[in-house]
Structure formats: structure tokens, C-alpha cells
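Coordinates in review
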Amino acid sequence: MNYIPSDLKVVGTRPIRPDGVEKVTGRAQFGADMRVAGMIWGKVLRSPHAHAKILSIDTSKAEKLPGVRAVVTSKDLPHIANEEAFVGEGPMNFRDLSRNCLAWDKALYEGHAIAAVAANSQAIADAAIALIDVKYEVLPYVIDVEDAMADNAPILHEDLFTAGVEPKPTKPSNIAKKVVFRKGDPDAGFKDADVIVEGRYTTQPVHQAYIEPHACVCSYNSDGQVTIYSSSQGHFMVRAYCAKLLGLNISNIRAVAMEIGGGFGGKTLVYLEPVAIALSKKSGRPVKMQMTRDEVFRASGPTSGATIEVKLGAKKDGTIVAAQEILKYQAGAFPGSPIGPGCMCGFAMYDIPNVDVVGYDVVSNRPKVAAYRAPGAPISSWAVECAVDDLARKLGVDPIALREQNGARNGTKTHYGPTHQNIGFLATLEAAKNHAHWKAPLKPGQGRGIACGFWFNIGGESSAGCHIAEDGTVVAVSGNPDIGGSRASIGMMVAEVLGVPAEKVRTIIPDTSSIGFSFLTGGSRVTFATGMAATQAAERVVEDLKRRAAQIWEIPVEAVEWKDGQAVPAGSNAGAFEPLDIAAIATKAGRTGGPIGAEVSLNAQGAGPGFGVHIVDVEVDHETGAVKILRYTAIQDVGKAIHPSYVEGQIQGGAAQGIGWALNEEYIYDKNGKMDNAGFLDYRVPVASDMPMIEAVMVEIPNPRHPFGARGVGEVPIIPPMAAIGNAIRSATGLRMHDLPMSPPKVRAALDAVAPKMAAE
Amino acid sequence: MSKHHVSATINGESVEFLCETQQTLLDTLRDEIGLTGSKEGCASGDCGACSVIVDGKLMCSCLILACEMDGSTITTIEGIAQGDHLHPIQQKFLEHAALQCGFCTPGLIVASKALLDENPNPTEEEARYWLAGNLCRCTGYDKVIRAVMDAASVMRGEKAA
Amino acid sequence: MPKVLITGSACQRFTGGRSELEVSATTFRRLVLELEQRFPGLGKQVEEGMAVAIDGEIFQDAYSATFGPDSEVVLIPKIGGG
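Presented here is an overview of the structure given in this document. Computed from a predicted structure; not experimentally measured.

Next up on the list: the overall build of chain C. Looking only at helices and strands, chain C features 3 helices and 5 strands. The C-alpha radius of gyration of chain C comes to 11 Å, within 12% of the 12 Å expected for a compact globule of 82 residues. Overall size of chain C, expressed as C-alpha extent along the three principal axes, is 35 × 25 × 15 Å. Buried residues in chain C amount to 52% of all 82 residues. The long-range fraction of contacts in chain C, counting pairs at least 24 apart against all pairs at least 6 apart in sequence, stands at 46%.

This part covers helix H5 (residues 142–155) of chain B. Taking 1.5 Å per residue, 14 residues should reach 20 Å; H5 of chain B reaches 20 Å between its end C-alpha atoms and fits that length. Burial in H5 of chain B covers these residues: Asp142, Lys143, Val144, Ile145, Ala147, Val148, Asp150, Ala151, Ala152, Ser153 and Val154 of chain B. Buried positions along H5 of chain B lie against helix H18 (644–663) and strand S28 (694–699) of chain A together with helix H2 (88–95), helix H3 (105–118) and helix H4 (124–130) of chain B. In the stretch just after H5 of chain B, glycine 157 of chain B is the one whose phi turns positive, near 80 degrees.

Facing 53 residues of chain A, the contacting portion of chain B comprises 44 residues. Carbon and sulfur atoms supply 58% of the area that chain A and chain B bury against each other, a total of about 4000 Å² over both sides. Area buried by chain A at its contact with chain B is led by Val24, Ile211 and Met693 of chain A, which between them contribute 19% of it. Applying the counting criterion to the chain A and chain B interface returns 5 salt bridges. A salt bridge links lysine 39 of chain B to aspartate 33 of chain A; its shortest N-O distance comes to 2.6 Å. Taken together, chain A and chain B are joined by 21 residue pairs in polar contact (both at pLDDT 80 or more). Of all elements in the fold, only helix H1 (20–24) and H18 of chain A reach the threshold of two or more residues within the side of chain A that touches chain B. Here the side of chain A that touches chain B takes 9 residues from H18 of chain A, the largest share from any one element.

For the rest of this paragraph, the subject is the pattern of salt bridges. Pairing between side chains of opposite charge can happen when the charged atoms of each approach one another. Counted under the stated rule, the structure contains 53 salt bridges over all chains. As a salt-bridge pair, aspartate 637 of chain A and arginine 711 of chain A come within 3.0 Å of each other at their nearest N and O atoms. Highlighted residues: aspartate 637 of chain A in strand S27 (residues 627–637) and arginine 711 of chain A in the loop between S28 and helix H19 (721–733), separated in sequence by 74 residues. As far as the burial class goes, aspartate 637 of chain A and arginine 711 of chain A line up, both buried. Its salt-bridge partner being glutamate 34 of chain C, residue arginine 38 of chain C comes within 3.2 Å of it at the nearest N-O pair. Residue arginine 38 of chain C and its partner glutamate 34 of chain C are located together in helix H2 (residues 28–38), separated by 4 residues, close to a single helical turn.

Moving residue by residue along a regular strand, the side chains alternate between the two faces of the sheet. All names here are of chain B. As judged from the 7 bridges shared by strand S1 (residues 4–10) and strand S2 (residues 13–19), these two strands associate in the antiparallel manner. Bridge assignment links histidine 4 to a residue of S2, and that residue is cysteine 19. Two successive antiparallel strands, S1 and S2, enclose a turn made up of 2 residues, where asparagine 11 displays a positive phi of approximately 55 degrees. Two elements, S1 and strand S5 (residues 73–75), share 2 bridges in a ladder whose sense is parallel. The partner of threonine 9 across the bridge, within S5, is threonine 73.

The peptide bond linking leucine 740 of chain A to proline 741 of chain A adopts the cis configuration, its omega dihedral lying at -10 degrees. The residue proline 741 of chain A is located in the loop between H19 and helix H20 (744–760) in this model. Of note in the backbone geometry, aspartate 564 of chain A takes a positive phi value of approximately 50 degrees without being a glycine. One can find aspartate 564 of chain A in the loop between strand S22 (560–563) and strand S23 (566–569). The backbone of alanine 43 of chain B shows a phi angle near 60 degrees, a positive value even though the residue is not glycine. Summarising the element assignment, alanine 43 of chain B is placed in the loop between helix H1 (25–33) and strand S3 (51–54). Under the relative-accessibility criterion, alanine 43 of chain B is labelled partly exposed at 42%.

Residue and element names in this part refer to chain A. Within the element layout of this structure, histidine 738 appears in the loop between H19 and H20. A relative accessible area of 29% means that histidine 738 is categorised as partly exposed. It is 44 Å that separates the C-alpha atoms of histidine 738 and histidine 79, two residues lying 659 residues apart in sequence. Ignoring sequence-local partners within four residues, the contact set of histidine 738 consists of Arg200, Tyr201, Thr202 and Trp382. For histidine 738, the side chain forms a polar contact with the main-chain oxygen of arginine 736, separated by 3.3 Å.

Summed over the entire model, instances satisfying the criterion amount to 7 cavities of 30 Å³ or more. Forming the walls of the largest cavity are 33 residues, and the residues nearest its centre are Ile483, Thr527, Gln650, Val713 and Gly714 of chain A. Residue composition of the lining of the largest cavity, grouped by class: 11 nonpolar, 17 polar and 5 charged. Its volume calculated, the second largest cavity comes out at about 100 Å³. Forming the boundary of the second largest cavity are 13 residues, of which Ala32, Pro213 and Gln290 of chain A together with Glu40 and Phe103 of chain B lie nearest the centre. In terms of residue class, the lining of the second largest cavity is made up of 6 nonpolar, 2 polar and 5 charged.

This next bit is on the packing of aromatic side chains. Residue and element names in this part refer to chain A. Tallying each qualifying case throughout the model produces 18 aromatic pairs over all chains. Consider the rings of tryptophan 553 and phenylalanine 577, whose centres lie 5.1 Å apart with planes at 10 degrees: the pair is stacked. Residue tryptophan 553 is found in helix H16 (residues 526–553), and its partner phenylalanine 577 is found in the loop between S23 and strand S24 (580–581); the two are separated by 24 residues along the sequence. Taking the relative accessible area as the measure of exposure, tryptophan 553 reaches 9% and is therefore buried. A relative accessible area of 30% means that phenylalanine 577 is categorised as partly exposed. Seen in terms of ring centroids, tyrosine 667 and tyrosine 683 are 6.2 Å apart; in terms of plane orientation they differ by 80 degrees. Their pairing is edge-to-face. Of this pair, tyrosine 667 sits in the loop between H18 and S28 while tyrosine 683 sits in the loop between H18 and S28, and the two are 16 residues apart along the sequence. Tyrosine 667 sits in the buried class, given a relative accessible area of 3%. Joined through ring pairs, the aromatic side chains of Tyr350, Tyr416, Phe425, Phe454, Trp455, Phe456 and Phe611 make up one cluster. One cation-aromatic arrangement involves arginine 99 over tryptophan 104; the distance from NZ or CZ to the ring centre is 5.6 Å. Positioned above the aromatic ring of phenylalanine 190, the side-chain terminus of lysine 311 is 4.5 Å from the ring centre.

Before going further, it helps to examine the interface of chain A and chain C. Across the contact, 33 residues belong to chain A and 24 residues belong to chain C. The contact between chain A and chain C buries some 2200 Å² in all, and 57% of this surface belongs to carbon and sulfur atoms. Between glutamate 72 of chain C and lysine 413 of chain A there is a salt bridge; the shortest N-O distance is 2.7 Å. In this assembly, chain A and chain C are joined by 2 residue pairs in polar contact (both at pLDDT 80 or more). For the side of chain A that touches chain C, the element with the most residues is strand S9 (residues 175–183) of chain A, which contributes 4 residues.

Definitions and cut-offs
Each chain carries its own residue numbering, running from 1 in the direction its sequence is written. Here chains are named by letter from A upward and ligands by number from 1 upward, in the order in which they appear as written. Predicted model: local features are reported for residues with pLDDT of at least 70 only, side-chain atom pairs are reported and counted for 80 or more only, and whole-chain, interface and lining totals are derived from all residues. Hydrogens and waters are ignored; side-chain quantities use all the structure's heavy atoms. Elements are defined by DSSP. Helices are runs of H or I of four residues or more, strands are runs of E of two residues or more, and each kind is numbered from the N terminus. The globule rule used here is 2.2 Å times the number of residues to the 0.38 power, and the radius of gyration it is set against is calculated over C-alpha atoms. With a 1.4 Å probe rolled over the protein chains alone, any residue whose accessible area is under 20% of its type maximum counts as buried; one over 50% counts as exposed, and the rest are partly exposed. A contact between two residues is defined here by any heavy atoms of the two lying within 4.5 Å. Expected span of a helix, by definition, is 1.5 Å for each gap between consecutive residues, and there is one gap fewer than residues. Buried area adds together the accessible area that both of two parts lose upon being put together, with accessible area traced by a 1.4 Å probe. Each reported salt bridge corresponds to a side-chain nitrogen of Lys or Arg within 4 Å of a carboxyl oxygen of Asp or Glu. For this analysis, a polar contact is any N or O atom pair within 3.5 Å, provided that within protein one partner can donate a hydrogen and the other can accept it, and provided that sequence-adjacent residues contribute only side-chain to side-chain pairs. Note on pairing: two strands pair once DSSP finds at least 2 bridges between them. Only protein atoms enter the 1 Å grid used here. Points where a 1.4 Å probe fits but cannot escape make up a cavity, open sets with protein on both sides within 12 Å along at least five of seven lines make up a pocket, and a residue lines them when an atom lies within 4 Å of a point. Grid points are joined across faces, edges and corners, and a volume is the space filled by probe spheres set on the points. Any residue outside Ala, Val, Leu, Ile, Met, Phe, Trp, Tyr, Cys, Pro, Asp, Glu, Lys and Arg is labelled polar, Gly included; the first ten of those are nonpolar and the last four are charged. For this analysis, a ring pair means two rings from Phe, Tyr or Trp (six-membered ring only for Trp) whose centres lie within 6.5 Å, classed as stacked if their planes differ by under 30 degrees, edge-to-face if by over 60, and tilted for the remaining angles. Remark: a charge is flagged as sitting over a ring if the NZ atom of Lys or the CZ atom of Arg is within 6 Å of the ring centre and within 35 degrees of the ring normal.

Here's what the structure looks like:
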């Protein structure tokens, strides 16, 4: 059914989320809050070296420490042959995942897990770690992506040969693969251009920096059944990955979704759970493990650092005729950077006839990268959107006008193949052009920048259900951990279909044994795909409720309608029956066929892509190089805002992460390849005093493939901020910054570099 | 090594507990006393997720040794509501959707209470600087600040709850 | 006959660099079988690592996704998210 043109009573309003009170009172249980009888405490020993051969691991002293109950290394996990299995987000190589959880023959980054212990207290576990004697042969390391690509770079994997090049290479390389996307004839396009802009841009690795460190409690029973309590972006993913890494039947594992304190992509895989299960098996006790903040930075995947070269060619009239990008992304210790999406997203919002994009996935001695909100796209758009801004200046045209002229619209063919349909890019540009922010006057020394972003959003497999309680109130069940308010929006969609107020529906997230499979929470897919499943489940329940009413009234079911939460006769011919609400039908459920409920599992197709346009005003302190954000407006096509407050929240949160990425966040390494700033003091994320209010403007171009028109919204907003701020700095100072973050030392250095010239002028 | 015996007032109640010398108040609250509402985000006083009020002052419980708490009065997130009556700050956080994952929320609510106890009429800038010690990665702080300003207004009696 | 475009180079190494193919299949499932038969290894690569866009719409994994004789079918890398 399609509710897009309907008069909606619940969807689009702002009720209080069903899990809200327990979160504001401290009762909500996150991963580290779990306590289980007999629980002991685990701890991981991590490599102090960025790159080293592991010659031997002697755990004997640790094992003898009183209170230590088990010690494990990679020998305690089954050895996995070189195999790929697509259970999580995109291809996950389980061999790589296993040796990321516990190293095999090499330590590949500072922080790489080498061994783990379980003991009666955290203090004993910490002490036992220090007693494990590891002999390393320290090797030269490489971190920077271009250094890792060089011919003489230290090689991380002797069995890694670059894929995507012909003829097949025989020498191992750190370049895991090369990808190419080509449309038209880029060489001819550039020859035809009147104006060309080029630029070389860099980014540093940044971490998702969720405030909750990874944590779990795992309990292995002697019959091979396992219970996992952990916070993750997908408890079905946790179940599947642990089954694979431990060699267990999936049905033997019950994974419980604890509340999750932020993920942003960084919790779409496992680090501690397989290790905790191995320790639980060896010790015969449930094992609790949690990462310290230091470990989160050193040992869990940030996103890639990268270099990007971009070139745009345009005619004098503003038509962009050719575009080129060369992207080099760090993958960390194992292949798998988001180079594919990076290649696809940079030019996806433009209609350009000739495009050439080349990307490289490169391993280096840093933690294995994990997904981070629109993986790959922010890096690519950082370069492209700065270049588009430079192009607008060179052509002497307004930056919005240039984007409108070349903007993707319905029917535009992308450079990576598919054709855009039902998109809202032009509407967001229009909203930006008409917004008061765009027209507001600037004071001297202030600058304004604009940039846009695109993300595909995905659908995928989801399960959701809806059960009618004996008193007519409703329980909705969702297969997806809630990372931002999806319990509210799923409950609202169910309430809308059933015709009841939002407070009559409570949404919970059952464990993996209690609901059908759901793909993980990511890719901006839950409101879309799980919402679709929940809507269909509610529709089945409505059909059942009508059937029960028909039985009660003894009329044909076709003569029953469902209106405003009640069964009513379809017309006066059907009979003069008083309406029956859900409670009235529910009390007779047993007599009319049994309990009333439905669960739907589906694979949602037709996810609608999202576009965002951000406007930012900045002021640059010429003495310190500090950049102050004065005003921020984020405009996005959201399809249909099911719960507008949580949609605004996604837009504001993504923008804030982009601001941090733009101005301060980076991994800083010392000369030994060790992270220097593995804490929140020196890994500087935005704080409340850094930010103004962020105005989120929601443009609603419905996605016709979702019953309520919803599009994914969570990922798009992290893409525009860096270039928007870079363009604002350009506007304020004349400086084109090329390297992220645009932190005070870098801005100061850039100001100093032009100062002599300016003084001379 | 023998443990310390500590008597303190936590959320208005007399509590006695044992702790090792090196145990922080945060670890003791969570692991010995069972009050898991205060969270560990960094254990180094940088994120504010462990915020508590000790003898009227806002503090990071990860930076306090539990054995120093003998005779102290401590308020944690569990003591902000009165029975089943939410504090205006908690109510406004819910109304303004000032939380997404909810992990930083206990610390933010305790810190906001400490702010309004000291300054019942803060400007937006004062509120932002006071709360700069509470990191939030989900919200971008917009709705948090709106909720705090709105709660302050309610607590000053300027509007109905 | 439906035309299949293969963007990105991951598949092109199976086809000897060719990026445009004519196929007789009319569902995604049949397409995978046909590609595997004509270019051994390609079918598996497509099934496990690619998404298909049919006349502009992306399908991440649907055996039954159908296309007509004039359809534009494009194979792109599978998309994840964060």
C-alpha cells in the first residue's frame, strides 16, 4: 500500500520515543552495563610495534598468575582458508577478520591484538597481560598511502597481489586493487574545454569516535551454545561473524542487542566477541570484555586517509564537459577501504558526459579501516566540491548556479552506470538558493562556502513484526539495533497503519533467536527497509482484524473496512454494527482464530538516494589560524520525515562529524608508527562550544518505493561539510586549503605562506 | 591488600561499600554498587560520560578515587528523577529529541543540572561552554542546548512544564 | 537482446576488457548463469560482489529482477554503508 498522498495522523509528528525514559534515567543497558552470574573479566594484549614478525608467544607466566582462568591466542580459533563470504556489509574476508581479532604470524599495526586473558577481576587480567612474553622481529613500517604504494615500500602481505591490473602481477604489493570507472571520452572532453581547474587534496585517518567503547559479555556453554550480549550495529552480523570465526553452528548462538552508544559504521564488525567466546570456552565462565578509549583508537578501524587528484574541464558557458579523479585510499592492515563508493560518489550529483575515475585500495600499518558514515564519499567530495568552487570562481558564476546548470536530475546517467530516478538534488539547490542564510550579509573578514553530497542508501533484508496484546495495545518488533530513533519511527509507521495513537505501540528489538534475520543497521536503511517490513506486518494485522470483525458480525470480509483504528461496516447494506476497535477484537481473538500478529521478512529494493547541500559561514583568526563556525545550514532531500526530530538529528549529527573532520580530527603518528593522540584530549572532536545551532532543512521528494516515501538520511550529511568549510575559508581569506584537517597550525602556515606576497602587494 | 570501607550518601541514601585503593568512583559505582547509569567513555576525564555531582560540585567520577568519598554526598543520574517524576531537564531532553544513542545523556543531564543549580539563567554561550566537557557524537549539540535552555525556563517558573 | 554494461574493472578482467555485452538472459539469475558460462569466474564475481541496476534502479540481490529486450542493465560494485 502507498501512504504517500494520505492524510497522516502519526507519521510526520514528533512523539516521545518509546525508549526515551530509560535513556534519560540511566536505566538503559549498554554493552558494558551487562552483568552475568559467574562473570570473569577479559583483556587483550596488543602489539607495541607498527609492523613486526611474531616469533613466539609465551603465556606460561600469565597462566600461573593466581586468578587467571584462561589465556588465548590465534591458535585457539579455527584456521580459516582464504575465503570470502558475504554476510555483513559487502564482502568480508573472514580470514582477515580472524587475524585482525587475534594476530597470526605478524603484528600489522600498533594495537594489533596478539593474545587475551580472562581472570577473576579486571585488575588481575590487566596484570596478566604484562606477563605474556612475546618475541618480535620489528620490521620497517609504512603508513602514508603514497609511501605504501611506492616500489620499495615494506610489504605487509606476501600473498597480496594487485587485483584489477592486467597482466596479473607476480610481485606482492601493498596495492590490493585498482578500480576504474569511465564514461565517454575524457581526453577529448578536456581538449574541448575552455577552462580547466585541477587540485591535489589529502585527508588523514579519522575515527568514528563513538563515545561508547566496544564491550561485550559472552557465555559459552559446554554443549556449544553461546549467548552474546554486545552493542553492535547488527546482532545478526555478530552472530554470523562469531559463528564463522569460532566454527560454530549459527543456530547455537543467541546474540542479544544491548543498547549501542554510537556506531556510525565502526560497529558493523566484531573485535572482542570472538575473543571473549574463546576465553569463555577455555575458562568455563562467562567473560566480559571492554575496550579502553586508548584501545578504541589504536585497535578499531578509523576510516581511510587518502590523496585525491581532481580535474574539471568546462566550456565558457558553464557546462562541465570532462571530469577526472584519481583516488588513493588507505585500507589499514587488510584490504577493504571504501574505494568503490569513493569513486562512484564524487561526480554522482552532476551530469557530465566524459568522466574518468581511477581508485586504489592500499594496505598500510594502521588499524584495519571500518565503515564511517557514507564510507568513501566524504573524502571524494572534499576534493570535487573544492574544485567545483574553484571552477565557479574561474568562470565568474555563482556556485549554486553552476551546480544547477550541471546538476543531476531524473534521467541523468551516472558515470558508474545507473540512471538517476526520483531524486531531489535540484530541489535542495533551490532550497539553498532561497534560504535566508544564502542571502544574509557577511561582515568583513567572514566567508561563506557551499558544497553538496550524494549517497546511494541501501535496502536489503529486514524482519519486523507486530503483535496485538490481549488489551488491544500493540508490540512492534524490529530486527535492527536502534542507533538513532528507529524504534520511534517504526512504531509510528505501525501506529499509522493500524490507526492508533503512537503511544499505543511499543517497539522492541528481540534477540537473534526471537525474530527473523535482519541485515545490519547501516547504509541508512532501517527506516526504509525495516520500516517497510513493519508496515507490511501491520497491514497483514489489519487484514486479520477485519477478518475477525467479519466473523463477529457474521458478514463477508469484503464488507468490512478499517478506519481510524476501528473495523466498520463498509456501507449501510453491510449492517448497522457499532465499530469495533482493536481492544474489542483482541478480547475475542481466541474465539475467532487465535492470537493476532504478523512478522514479515523481506529484501527491500528501491532505496532512494539522498542529496545534501550545506552552507557555512566562517571567520578565520589570522593570529591563531583558528576557524570559527558562525552559521550552518544543512539542506537535504529526506523523502518523507517519519519522525522529523530524529531526521533533523541525523542531519545535525552528520554535519557535526563533518565539521570535526574538516577542522581538527586526525590520527597523529610518531616516528615509530605509534599513534600519539589516542584520547579525546588530543583527538579533538567538536564540543558544544565549537558549534552554533545547526539548521536542518528537510526537503521532501518522496521515494515512491517506500510506503511512506522515506529515504535514508543518516549518511548524506557528513559528506558536504569539509568542502563547504574549505570554500568558506577560501571566501574569507583567499586561501585554498588542500589538506585536511584545516586545523590552526595548517591555516596559520597557509596564511604565513601568502603573507610576504601580500605585504609586498 | 585490604579494602577500604567507605560510607557515603548517594542519591539521598546512606551507602556503605568496599573498594581497593586504586578503584575510581566510576568503577565502584558501576561494579560494586550496581549504579551503571554513569558511563565510561574515556577514563581520563575528557568526555564527561561519567559526570556526577560530589558535595555540590560537578566532577568526572573516573578522576576520583572511591576511597576518598567517605562522608561525601554524591548525586548520579539515578538520583535526578524524583521517584517516577522526571526532572524538567530529563523531560525537555525527551521533548526536544536531545538524545540519539543516549550514551552521553546521563553525563549531560547531570552536568546540566549542575549548571542550572549554579546559574539558573544561562545564555546559550554560557550553556555551551559549561557543557563543553560533555562530548556527544550523535546530536551536534543543537537539540541538547535547546533542551537545557527550555528546562531552565521551566525551572525559573516562566512557563509550565 | 538486453545489453549489459559492466563499469569498473573488477569484472572486465574476466571479459578481456570488454565492458559491453549482449545477453539472452531476462532475469538476474539467468544473467549470472549465462555470464559464468561465457566467462568462467565472472558469474560468481557478479553474484557475490556486484549489484545490478536495471533501467536506472539498483537491485542489491534479487534473482527474480527482470529486464526486457530494451532494458539497460548495468553491473556496479555492491554498496555498503556506515
